[in-house]
Amino acid sequence: MMTIVKRNFDSADEVRPFEDHKGHLDILETEHGLVGRAIFEPGWQWSKHVKPMAGTDSCEAAHTGYCVSGRMKVVMNDGDEAEYGPGDFMEIDPGHDAWVLGDEPCVLLDWTGMADYAKRMAAPAGV
């Protein structure tokens, strides 16, 4: 039997807010894995608004995605960098920082790096 699926990120299975109300990640769980829509508000930067949740020095998620709107700059730990804007496809290895460019929110779709992205670390037992 063939199936057809229609889902909407506005009714996401999970929503993960970023620090300081600088956006959020909407997650859809599909038969083929997670898909995320991230909305990064102007002023968002990974090292300020996700790092406290991740507990790592840089983003350790690999990303494969598409920029719907807005602009984002990504700088790898080795200094390589790229800017993404509407219509751009992206592949980003682990080990980077990123931030929104300009005054418009940046909306990205990502289908590889969302499983643990922006998940709040669990408090140690007894805390």
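This is a predicted model, so every value here is computed, not measured.

1. So, the packing of aromatic side chains
For step 1, the next point in the chain: For the structure on display, the rule yields 5 aromatic pairs.
For step 2, the next point in the chain: An angle of 5 degrees between the planes, with centres 5.3 Å apart, marks the rings of F18 and F40 as stacked. Of the two residues, F18 sits in the loop between β1 (14-17) and β2 (23-30) while F40 sits in strand β3 (residues 33-40), which places them 22 residues apart along the sequence.
For step 3, the next point in the chain: Here the aromatic rings of F40 and W44 are separated by 4.2 Å at their centres, their planes lie at 50 degrees, and the arrangement is tilted.
For step 4, the next point in the chain: Judged by relative accessible area, which is 4%, F40 ranks as buried.
For step 5, the next point in the chain: Under the relative-accessibility criterion, W44 is labelled buried at 1%.

2. Here we look at the UniProt feature "domain: Cupin type-2" (unreviewed entry) in the protein
For step 1, the next point in the chain: The sites that carry the UniProt feature "domain: Cupin type-2" (unreviewed entry) are, in the present numbering, residues 62-111.
For step 2, the next point in the chain: The annotated region residues 62-111 carries 0% helix and 64% strand content, and the separation between its end C-alpha atoms amounts to 10 Å.

3. Some words on the nonpolar core
For step 1, the next point in the chain: Ranked by internal contacts, the top residues of the largest apolar core, which has 25 residues, are F18, F40, W44, V50, M72 and Y117.
For step 2, the next point in the chain: At the level of secondary structure, the elements contributing two or more residues to this core comprise β2, β3, β5 (71-76), β7 (89-92), β8 (96-101) and β9 (106-110).
For step 3, the next point in the chain: Sort the elements by how many residues they give to this core and β5 lands first, with 3 residues.
For step 4, the next point in the chain: When residues no more than four places from it in sequence are discounted, the contact partners of Y117 are R16, F18, L25, F40, W44, W46, V50, C59, A61 and H63.

4. As for the sheet that holds strand β6 (residues 81-84)
For step 1, the next point in the chain: Taken in spatial order, the 3 strands make up an open sheet running β6-β5-β8, and their pairing is antiparallel. Both edges of this open sheet fall to β6 and β8, since each of them pairs with a single strand only. For this sheet, the mean inter-axis angle between neighbouring strands, taken without regard to orientation, is 20 degrees.

Reading the values: the criteria
Residues numbered from 1 in each chain as written. Predicted model: local features only at pLDDT ≥ 70, side-chain atom pairs only at ≥ 80, totals over all residues. Heavy atoms only, no water. Phe/Tyr/Trp six-rings, centres within 6.5 Å; stacked < 30°, edge-to-face > 60°. Helix = DSSP H or I, 4+ residues; strand = E, 2+ residues; numbered from the N terminus. Buried < 20%, exposed > 50% of the residue type's maximum accessible area, 1.4 Å probe, protein only. UniProt positions renumbered as here; feature names shortened; annotations may be inferred. Core = buried A, V, L, I, M, F, W, Y, C linked by side-chain atoms within 4.5 Å. Contact = heavy atoms within 4.5 Å. Pairing = 2+ DSSP bridges. Axes fitted to C-alpha atoms, helices over the stretch in contact; angles between N-to-C directions.

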